[in-house]
Amino acid sequence: IAGGFAPPIPDAIYTIDKASDTSQLFVQSQIRPDGTPDLQLAPSQSLSAEDHDVLITKLHNILKDLPTEQPPGSQDIYGLNTSIAWMSDDLEWYNGGPAGCGGGESFVQPTEEQKANFKTAVDIIHAVMGNA
């Protein structure tokens, strides 16, 4: 998500989607192989939402307590070059701004505990995607 003059080149984009009227998670990954400029799209897959409920609930609980950079897109405050977007009825959370980060310094900075919790959120996403 880190950018600057040039737009950001993410290493990966993971999408986990669940409609409220289904018991399935739909997952898809786009991964940029080292040394290449483009993301490669993998086929989407479906997973049982029930099998991942504990992880998804934990992810939601972590994100609802984490700050985002202000103004949006100003700085990668977690230092992981990773953006997460969560949209649900009770929580809309995203970091990294719609075009990545590169607009200066955020006036909101996370604590070390919040940085560790963000890393846990990323690990949860990798765990769910690893089951795809």
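To keep things clear, this report deals only with the structure shown in the data block. All of these numbers come straight from a predicted model, not from anything done at the bench.

Definitions and cut-offs
Residues numbered from 1 in each chain as written. Predicted model: local features only at pLDDT ≥ 70, side-chain atom pairs only at ≥ 80, totals over all residues. Heavy atoms only, no water. Salt bridge = Lys/Arg side-chain N within 4 Å of Asp/Glu carboxyl O. Helix = DSSP H or I, 4+ residues; strand = E, 2+ residues; numbered from the N terminus. Buried < 20%, exposed > 50% of the residue type's maximum accessible area, 1.4 Å probe, protein only. Expected span 1.5 Å × (residues − 1). Arc of directions from axis to C-beta. Contact = heavy atoms within 4.5 Å. Polar contact = N/O pair within 3.5 Å; in protein donor to acceptor, adjacent residues only side chain to side chain.

With respect to the pattern of salt bridges
- In the structure shown here, the tally under the stated rule is three salt bridges.
- Here Arg32 ties to Asp11 by a salt bridge, and the two come within 2.5 Å at their closest N and O atoms. Of the two residues, Arg32 is situated in the loop between strand 2 (24-31) and strand 3 (40-41) and Asp11 in the segment before strand 1 (12-17); the sequence distance between them amounts to 21 residues.
- Residue classification places Arg32 among the buried residues on the basis of a relative accessible area of 18%.
- The exposure class of Asp11 is partly exposed, given its relative accessible area of 40%.
- The shortest N-O distance in the salt bridge between Asp123 and Lys119 comes to 2.7 Å. Placement of the pair is Asp123 and Lys119 together in helix 2 (residues 112-130), with a separation of four residues, close to one helical turn.
- When its relative accessible area of 39% is taken as the criterion, Lys119 is described as partly exposed.

Details of helix 2
- With 19 residues, helix 2 extends 27 Å from end C-alpha to end C-alpha; this agrees with the ideal 27 Å at 1.5 Å per step.
- Among the residues of helix 2, those classed as buried are Gln114, Phe118, Ala121, Val122, Ile124, Ile125, Val128 and Met129. Angularly, the buried residues of helix 2 cover 150° about the axis, an arc narrow enough to put them on a single face. Opposite the buried face of helix 2, at more than 90 degrees from it, the exposed residues are Glu112, Glu113 and Gly130.

Regarding the environment of Gly130
- Inspection of the secondary structure assignment puts Gly130 in helix 2.
- On the basis of relative accessibility, which here comes to 57%, the residue Gly130 falls in the exposed class.
- For Gly130 and Ser46, which are 84 residues apart along the polypeptide, the C-alpha to C-alpha distance reads 12 Å.

Some words on the environment of Trp93
- Residue position: Trp93 is located in strand 6 (residues 92-94).
- The exposure class assigned to Trp93 is buried, which follows from its relative accessible area of 5%.
- The spatial distance from the C-alpha of Trp93 to the C-alpha of Thr68 is 8.0 Å, given a sequence separation of 25 residues.
- Apart from residues no more than four positions distant in its own chain, Trp93 is found in contact with Leu63, Leu66, Pro67, Thr68, Ile84, Ala85, Trp86 and Phe118.
- Polar contacts involving the side chain of Trp93 include one to the main-chain carbonyl oxygen of Leu63, which spans 3.2 Å.

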